[in-house]
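Here is what each chain is made of, one letter per residue.
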Amino acid sequence: MKICRFKNKTKQDHAIHIGLVTEDSKLIDLSAAGITYLTPLLEAENPLALVRHIAGANLPRIALSEIQLLAPVGRQEVWAAGVTYLRSKAARMEESDFSASAYDKVYAAERPEIFFKSLPQKVVAPGEAVGIRRDAKWNVPEPELALVLNSRGKIVGHTVGNDMSSRDIEGENLLYLPQAKTYDRSCALGPWIVLGTPEAQAREWTIKLDILRDGKNVFTGETSVSQIKRRFEELAEFLFRSQVFPHGAILLTGTGIIPPDTFTLNERDVVRIEISGIGVLENPVAVV
Ligand code: DO4
Ligand code: MG
């Protein structure tokens, strides 16, 4: 079950709506039943049952071609886990001289790496530009499965995330990580939230990254969610330790796809991330 935030493209209506995406490239406008935020759905004891109940009423159906998808995040902070795939650990150890042992240690340690990624209002929506820093020379997208957590720390859904990163800044000194990871347009989420998938099923999903330059593919990579070393609940539990999220949180689960060291993103490239059980998040690239 896919829920999204959207605006109407065709009408003079600037309001934000919540929709249930259906199989026939349409959506059911849940806002017509008074649902104007994701929160009541994500906070429900049984979100799937609630959405099914609301959508059972006679609500307007709109073609996806007539709407503009917004980032599927309301008031949740976005956080990110790192070095959760062996591939990420290896690439980061190569990019950095004196931080190499930190990556090695955190991969094996009981406590995972978790860092703040974005305020909700800064998250980039599908189709909007993600950013590469003007003071960085080596920029990559990080295609990641994102966990959608309610205020009780329960995983209620999943979406696609892009943890845009400046590898030269991170590689120069690990203390520069916040600058390599958090800047304008550095986080994209979308296209919608898939509700209620158990972890065992989500682990069967594949993640695919394509980067297009002037319409031509310049990088393709693929991994499986099953390659994530840690259990999702373990990551969620660490995020919620000694920290309250009254509006819930989004937690990116780390990248397992890293382009070769010779590759950096250019302005106007297009980043396309597909997670098999969710959908496609596509964004052009702009310098910020
Ligand atoms: O340790 C630096 C960041 C790691 C990360 O973002 C990832 O593995 O996805
Ligand atoms: Mg990452």
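Residues numbered from 1 in each chain as written. Chains lettered and ligands numbered in written order. Predicted model: local features only at pLDDT ≥ 70, side-chain atom pairs only at ≥ 80, totals over all residues. Heavy atoms only, no water.

**Student:** Quick one: what's the story with the pairing of strand 13 (residues 187–195), residue by residue and with numbers?
**Tutor:** The buried count for strand 13 comes to nine of nine residues, which makes it a mostly enclosed element. Where strand 1 (residues 2–8) meets strand 13, two bridges bridge the pair, whose relative direction is antiparallel. By the bridge assignment, I3 is partnered in strand 13 with I193. Sheet analysis places strand 11 (residues 155–163) next to strand 13, joined by six bridges and oriented antiparallel. Bridge pairing in strand 13 places G157 opposite L195. (Buried < 20%, exposed > 50% of the residue type's maximum accessible area, 1.4 Å probe, protein only. Helix = DSSP H or I, 4+ residues; strand = E, 2+ residues; numbered from the N terminus. Pairing = 2+ DSSP bridges.)

**Student:** Outline the layout of surface pockets, supporting the account with residue identities and numerical values.
**Tutor:** The calculated volume of the largest pocket comes to roughly 310 Å³. Along its surface, the largest pocket is lined by 20 residues, and K154, I155, V156, T197 and E233 are the ones closest to its centre. Elements with a minimum of two residues in the lining of the largest pocket: helix 2 (47–55), strand 11 and helix 8 (232–239). Looking at the lining of the largest pocket residue by residue, the class counts come to nine nonpolar, six polar and five charged. In this model, the second largest pocket occupies a volume close to 170 Å³. Every residue lining the second largest pocket is listed: R5, I16, L70, A71, V73, G74, P120, Q121, V123, A125 and E128. Classifying every residue of the lining of the second largest pocket by side-chain character gives seven nonpolar, two polar and two charged. (1 Å grid on protein atoms, 1.4 Å probe; cavity = no way out; pocket = protein on both sides within 12 Å on 5 of 7 lines; lining within 4 Å. Points joined across faces, edges and corners; volume = space filled by probe spheres on them. Nonpolar A, V, L, I, M, F, W, Y, C, P; charged D, E, K, R; others polar.)

**Student:** Pulling in residues and values, what's your account of the coordination of the magnesium ion (ligand 2)?
**Tutor:** Coordination sphere of the magnesium ion (ligand 2), protein contribution only: E142 (OE), E144 (OE) and D163 (OD), at 2.0 to 2.1 Å. Donor residues for the magnesium ion (ligand 2), ordered by position in the chain, follow E-x1-E-x18-D. With a gap of 19 residues between them, E144 in strand 10 (residues 143–149) and D163 in strand 11 connect regions that are remote in the sequence. By relative accessible area, D163 is classed as buried at 1%. (Donors = N, O, S within 2.8 Å, 3.2 Å for Na, K, Ca; no water.)

**Student:** Can you lay out the side chain of T22 for me, pointing to particular residues and giving the numbers?
**Tutor:** By the element assignment, T22 lies in the loop between strand 2 (17–21) and strand 3 (26–29). Looking at T22, its side chain comes within polar contact range of the side chain of D24, at 2.5 Å. For T22, the residues in contact, after removing those within four places along its chain, are L27, I28 and R61. (Polar contact = N/O pair within 3.5 Å; in protein donor to acceptor, adjacent residues only side chain to side chain. Contact = heavy atoms within 4.5 Å.)

**Student:** Explain the sheet that holds strand 15 (residues 216–224) residue by residue, including any values.
**Tutor:** One open sheet accounts for five strands, arranged 8-18-17-14-15; its pairing is mixed. The strands lining the two open edges of the sheet, one partner per strand, are strand 8 (130–132) and strand 15. The average angle at which neighbouring strand axes cross in this sheet is 20°, direction not considered. With eight bridges connecting them, strand 14 (residues 206–213) and strand 15 associate as antiparallel partners. Residue I207 lies in a different strand from strand 15, and its bridge partner there is T223. (Axes fitted to C-alpha atoms, helices over the stretch in contact; angles between N-to-C directions.)

**Student:** Summarise the nonpolar core; cite the residues concerned and give the values.
**Tutor:** Counting residues in hydrophobic clusters, the biggest one holds 47 residues, and the most contacted among them are L145, I207, L239, L265 and I278. When residues of this core are assigned to their parent elements, the largest contribution, four residues, is made by helix 8. Excluding residues that lie within four positions of it along the chain, L239 makes contacts with W79, I114, L149, F245, A249 and L251. Counting residues in hydrophobic clusters, the runner-up holds 30 residues, among them I3, V123, V148 and I193. (Core = buried A, V, L, I, M, F, W, Y, C linked by side-chain atoms within 4.5 Å.)

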